[in-house]
Amino acid sequence: MEAILQTRLTRRTVQKLALALPAPLVAAALSDRAAGIVLAQSTTATSSPVLAPTPACADDDDLEATVPQTEGPFYTPDTPQRQSLLEPGMAGTKLVVSGYVYDTACQPIPGALLDFWQADDAGVYDNVGYRLRGHQFADDEGRFVLETVVPGLYTGRTRHIHVKAQAPNQPVLTTQLYFPDELANATDGIFDPALVMDIEDAADGEVAFFTFVLSTSVA
Ligand SMILES: [Fe+2]
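These figures come from a predicted structure and were not determined experimentally.

Digging into the coordination of the iron ion
Link 1 in the chain: Those donors, Tyr-125 (OH), Tyr-154 (OH), His-160 (NE2) and His-162 (NE2), are the protein atoms that reach the iron ion, and they lie 1.9 to 2.1 Å from it.
Link 2 in the chain: The coordination sphere of the iron ion comprises 4 donor atoms, whose angles at the metal cover 93 to 155°; the geometry is irregular.
Link 3 in the chain: Between consecutive donors of the iron ion, the numbers of intervening residues give the motif Y-x28-Y-x5-H-x1-H. Of this pair, Tyr-125 sits in the loop between β2 (113-117) and β3 (133-137) while His-162 is found in strand β5 (residues 160-166), placing the two residues 37 residues apart along the sequence.
Link 4 in the chain: Exposure remark for Tyr-125: the relative accessible area of 8% places this residue in the buried category.
Link 5 in the chain: A relative accessible area of 2% means that His-162 is categorised as buried.

Here's what the structure looks like:
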């Protein structure tokens, strides 16, 4: 980990750091939802000494901002605030996405808004209610955890999760997250490899990691 911290902190490096950090954090967070991420930090203190540090950038190594993508036709505003989009009986493979929200100067953005929406396991969006839609705010260290299912494929698109990300009092970034090793990535004209999540298999599904980097400016 030290070697990683000392390397040039590119967007990819941050993503790798996120990959190393939240797995126990996620497990702990989801094992006690009431306490959420904050409790997870303390409960994982004994599991690994490398969990705590938030990476810092060298002066000339600003992070590359997460690229924007099209919103698509299925966004619905005013979503419920929740970290878990799972509902009883929901079909699909469980997916936990976690990571950080940073600014381009590599500072975490506490309270950053993340509003997720996606298709269900069959590739269908709920355009009437709020199924598989929800927003949350990054914690004091810029961390987020989303519990959901792996979205299904639908005609013309590779597998993806939509998201709007916004630092407090800053513009909204609309983008999409992708999955590695999807055949349809090669034929989806919107797909961007910079937005591919790191994925690991978990005992009960998949675990994914992504670091958002938002451009911010003084108002
Ligand atoms: Fe979509």
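A closer look at the side chain of Ser-84
Link 1 in the chain: Within the secondary structure, Ser-84 is located in the loop between α4 (36-43) and β1 (94-103).
Link 2 in the chain: Polar contacts involving the side chain of Ser-84 include one to the main-chain amide nitrogen of Leu-86, which spans 3.3 Å.
Link 3 in the chain: At a separation of 2.7 Å, a polar atom in the side chain of Ser-84 contacts the side chain of Glu-147.

Quick notes on the pairing of β5
Link 1 in the chain: Of all 7 residues in β5, 6 are buried; the element is thus mostly enclosed.
Link 2 in the chain: Where β2 and β5 come together, 5 bridges link them in antiparallel fashion. Paired with Phe-116 across the bridge in β5 is Val-163.

Here's the deal with the packing of aromatic side chains
Link 1 in the chain: Overall, the coordinates contain 9 aromatic pairs when judged by the stated rule.
Link 2 in the chain: Between Phe-74 and Tyr-125, the aromatic rings sit 4.4 Å apart at their centres with planes inclined by 25°, giving stacked as the arrangement. Of the two residues, Phe-74 is situated in the loop between α4 and β1 and Tyr-125 in the loop between β2 and β3; the sequence distance between them amounts to 51 residues.
Link 3 in the chain: Joined through ring pairs, the aromatic side chains of Phe-116, Phe-144, Phe-210 and Phe-212 make up one cluster.

A look at the nonpolar core
Link 1 in the chain: Val-101, Phe-116 and Phe-212 are the most contacted members of the largest nonpolar core, which totals 31 residues.
Link 2 in the chain: Only β1, β2, β4 (143-149), β5, β6 (173-178) and β8 (205-214) provide two or more residues apiece to this core.
Link 3 in the chain: For this core, the element with the most residues is β8, which contributes 4 residues.
Link 4 in the chain: Sequence-distant contacts of Phe-116, defined by excluding residues within four places in its chain, comprise Leu-132, Arg-133, Gly-134, Gln-136, Phe-144, Leu-146, Ile-161, His-162, Val-163, Leu-177 and Phe-212.

Digging into the confidence of the model for the protein chain
Link 1 in the chain: Per-chain confidence: the protein chain averages 81 in pLDDT, with 71% of residues scoring 70 or above.
Link 2 in the chain: Note that pLDDT drops below 50 for residues 1-53; the model gives that stretch 82 contacts with residues more than four away or on any other chain.

Some points on the sheet that holds β5
Link 1 in the chain: One open sheet holds the 4 strands; their spatial order is β3-β2-β5-β6, and the pairing between them is antiparallel. Of all the strands in the sheet, the pair left with one neighbour each is β3 and β6. On average, each strand axis in the sheet is inclined to that of its neighbour by 25°, with strand direction left out of account.

Structural notes on unusual backbone geometry
Working note: non-glycine residues mostly have negative phi, and peptide bonds are mostly trans.
Link 1 in the chain: Even without being glycine, Leu-132 reaches a positive phi, approximately 60°.
Link 2 in the chain: Here Leu-132 is to be found in the loop between β2 and β3.

Quick look at the environment of Asp-204
Link 1 in the chain: Position of Asp-204 relative to the elements: it lies in the loop between β7 (198-202) and β8.
Link 2 in the chain: Residues Asp-204 and Leu-95, spaced 109 residues apart in sequence, show a C-alpha to C-alpha distance of 8.6 Å.
Link 3 in the chain: A distance of 3.2 Å separates a polar atom in the side chain of Asp-204 from a polar atom in the side chain of Lys-94.

Some thoughts on the sheet that holds β8
Link 1 in the chain: Taking strand neighbours across the sheet as the criterion, the 4 strands line up as β4-β1-β8-β7 in an open arrangement whose pairing is mixed. A single partner strand is all that each edge strand has here, and the edge strands are β4 and β7. Ignoring which end each strand starts from, the neighbouring axes of this sheet average 20° apart.

Scoring rules and cut-offs
Residues numbered from 1 in each chain as written. Predicted model: local features only at pLDDT ≥ 70, side-chain atom pairs only at ≥ 80, totals over all residues. Heavy atoms only, no water. Donors = N, O, S within 2.8 Å, 3.2 Å for Na, K, Ca; no water. Tetrahedral: all angles 85-135°; square planar, octahedral: opposite > 155°, others 65-115°. Helix = DSSP H or I, 4+ residues; strand = E, 2+ residues; numbered from the N terminus. Buried < 20%, exposed > 50% of the residue type's maximum accessible area, 1.4 Å probe, protein only. Polar contact = N/O pair within 3.5 Å; in protein donor to acceptor, adjacent residues only side chain to side chain. Pairing = 2+ DSSP bridges. Phe/Tyr/Trp six-rings, centres within 6.5 Å; stacked < 30°, edge-to-face > 60°. Core = buried A, V, L, I, M, F, W, Y, C linked by side-chain atoms within 4.5 Å. Contact = heavy atoms within 4.5 Å. pLDDT = per-residue confidence, 0-100. Axes fitted to C-alpha atoms, helices over the stretch in contact; angles between N-to-C directions.

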